[in-house]
Amino acid sequence: MATISMGDIKKGLRVEMDGNPYRVVEFQHVKPGKGAAFVRMKIKNLATGKVIEKTVHAGDKFETPALEQKTMQYLYDDGDFLQFMDTTSYEQIGLTHDQVGDVFDYMIDGMEAQILFHNGKAISVEIAQTVVLKVVETPPNYKGDSQGGKKPATLESGAVVQVPFFVLDGDLIKVDTVEGKYLEKAK
């Protein structure tokens, strides 16, 4: 495995500390007037989703985590676990709602997802940043609705996003899964 030192730290970098994989969320190089430089960073545990702060000094070394990413298909929610299937080997795995996180709000049956494995164990799920979903319920438009206004729309995945007044039931829309925002009508 490759080692990572203080100078290599950047946003999005994955590091392993105490046997756990982390991703650098934020970092700041600090050069005090007196003493050695150091890096203050916020890192997210890829297995639990918790964000912690860590200070790194010159000479501190980290390992690159043994991570593997597989494309799998989301099948269904059995109540306790969300079931995913490897599309090449047809092997199925179950992940808890905590492991999947907020992306579950934008997942529908049959959707492909990227499952991240650490030492052979599934730890997290990522989906595309932009997905196309169908609007299943939204209030009707009324004469006089302003052009710049918004209304809530329930999507086929169960998520609720704010959409412009011209979006109607049955429309396909593009949604940003990170921000949870309406982007545009799908063509």
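Going by the structure above, here's the rest.
Residues numbered from 1 in each chain as written. Predicted model: local features only at pLDDT ≥ 70, side-chain atom pairs only at ≥ 80, totals over all residues. Heavy atoms only, no water.

**Student:** Sorry if this is basic, but what is going on with the pairing of strand β15 (residues 172–176) here?
**Tutor:** Sheet faces and side chains relate simply in a regular strand, where the side chains alternate between the two faces. In terms of strand pairing, strand β12 (residues 130–137) meets β15 through 5 bridges, oriented antiparallel. Pairing of valine 132 across the sheet is with lysine 174, part of β15. As paired elements, β15 and strand β16 (residues 181–185) share 4 bridges and run antiparallel to each other. When the sheet's bridge partners are listed, isoleucine 173 is paired in β16 with lysine 185. (Pairing = 2+ DSSP bridges. Helix = DSSP H or I, 4+ residues; strand = E, 2+ residues; numbered from the N terminus.)

**Student:** Help me out: how do you make sense of the packing of aromatic side chains in this one?
**Tutor:** When we look at a pair of aromatic rings, we describe it by the centre distance and by the angle of the planes. Here the structure, examined in full by the defined rule, presents 2 aromatic pairs. Plain terms: the ring middles of tyrosine 74 and phenylalanine 84 are 5.5 Å apart, the flat faces sit at 50° to each other, and that makes the pair tilted. Placement of tyrosine 74 in strand β7 (residues 67–77) and of phenylalanine 84 in strand β8 (residues 82–86) is noted, with a sequence separation of 10 residues between them. Taking the relative accessible area as the measure of exposure, tyrosine 74 reaches 3% and is therefore buried. When the ring of tyrosine 74 is compared with that of phenylalanine 104, the centres are 6.5 Å apart and the planes differ by 85°; the resulting orientation is edge-to-face. Of this pair, tyrosine 74 sits in strand β7 while phenylalanine 104 is found in the loop between α1 (97–100) and β10 (112–118), placing the two residues 30 residues apart along the sequence. Its relative accessible area of 23% is what places phenylalanine 104 among the partly exposed residues. Among the aromatic residues, those joined into a ring-pair cluster are Tyr74, Phe84 and Phe104. (Phe/Tyr/Trp six-rings, centres within 6.5 Å; stacked < 30°, edge-to-face > 60°. Buried < 20%, exposed > 50% of the residue type's maximum accessible area, 1.4 Å probe, protein only.)

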